[in-house]
Amino acid sequence: MIKSASPEKALKPHDARGHRDPLSIDLAQQGRGAHGAFTWGVLARFLEEGWLVIDEISGNSAGAMNAAGIASGYTKGGCDGALQSLPTQRTLVTIWTIS
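Residues numbered from 1 in each chain as written. Predicted model: local features only at pLDDT ≥ 70, side-chain atom pairs only at ≥ 80, totals over all residues. Heavy atoms only, no water.

## Here's the deal with the overall build of the protein
Counting its secondary structure elements, the protein contains four helices and three strands. For the protein, the residues scored as buried account for 27% of the 99 residues in total. Carbon and sulfur atoms form 58% of the exposed surface of the protein, whose accessible area is close to 6500 Å². (Helix = DSSP H or I, 4+ residues; strand = E, 2+ residues; numbered from the N terminus. Buried < 20%, exposed > 50% of the residue type's maximum accessible area, 1.4 Å probe, protein only. Areas by Shrake-Rupley, 256 points an atom, 1.4 Å probe, with all protein chains shown as cover.)

Here it is in structure tokens:
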């Protein structure tokens, strides 16, 4: 679910300087290895965007692993901490090929 103070703000791409108003989002992620791999990349991209604010995150199976990593890292160091806490690609490949 995407939350915004007003729909107009959510649709405004950016101002003349290229800055965007913050947009709060809630994420629910599904399980299974392929979905977890895709979500891992999407989450990393979301965290690189300073105007996207993840308010709530949840998931099951592979999605829960990603959500737990994001939540843990975010509480320790904000977006940078969350990015660092995402499992590495090698770790994810190992986990998904074992299960």
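From this point, things continue past the structure.
## Topic: the packing of helix α2 (residues 33-48) against helix α3 (residues 62-85)
Two elements in contact, α2 and α3, have axes separated by 11 Å at closest approach and are oriented at 20°. When the axis of α2 is compared with that of α3, the two are roughly parallel. Judged by the twist between their axes, the crossing of α2 over α3 is right-handed. For the pair α2 and α3, contact is made by Gly36, Thr39, Trp40, Leu43, Ala44, Leu47 and Glu48 and by Ala62, Asn66, Ile70, Cys79, Ala82 and Leu83, respectively. (Axes fitted to C-alpha atoms, helices over the stretch in contact; angles between N-to-C directions. Parallel < 35°, antiparallel > 145°, perpendicular 65-115°, else oblique. Left-handed = near helix turned anticlockwise from the far one by under 90°. Contact = heavy atoms within 4.5 Å.)

## Points about unusual backbone geometry
Within the chain, serine 61 stands out as a residue other than glycine whose phi angle is a positive 55°. Mapped onto the fold, serine 61 is located in the loop between β3 (52-59) and α3. Serine 61 gets classed as exposed once you look at its relative accessible area, which sits at 51%.

## Some remarks on the nonpolar core
Of all hydrophobic cores here, the largest spans 12 residues; its members are Leu23, Ile25, Leu27, Leu43, Ala44, Leu47, Trp51, Leu52, Ile54, Ile70, Ala82 and Leu86. At the level of secondary structure, the elements contributing two or more residues to this core comprise β2 (23-29), α2, β3 and α3. (Core = buried A, V, L, I, M, F, W, Y, C linked by side-chain atoms within 4.5 Å.)

## Some details on the pairing of β2
Most of β2 is tucked away: five of the seven residues are buried. Pairing between β2 and β3: seven bridges, direction parallel. Each residue of the ladder has a partner; that of isoleucine 25, found in β3, is isoleucine 54. (Pairing = 2+ DSSP bridges.)

## Section: the pattern of salt bridges
Inspection of every chain in the model, using the stated rule, returns two salt bridges. Glutamate 48 serves as the salt-bridge partner of arginine 45, at 3.7 Å between the closest nitrogen and oxygen. Here the residue arginine 45 and the residue glutamate 48 both occupy positions in helix α2, the gap between them amounting to three residues, near one helical turn. The class for arginine 45 is partly exposed, based on a relative accessible area of 46%. (Salt bridge = Lys/Arg side-chain N within 4 Å of Asp/Glu carboxyl O.)

## Considering α3
Taking 1.5 Å per residue, 24 residues should reach 34 Å; α3 reaches only 15 Å between its end C-alpha atoms and comes up short. Along its length, α3 shows its largest kink, about 140°, at glycine 77. The set of residues buried in α3 consists of Ala62, Gly63, Asn66, Ala67, Gly69, Ile70, Gly73, Gly81 and Ala82. (Expected span 1.5 Å × (residues − 1). Bend = angle between axes of the 7 residues up to and from the residue.)

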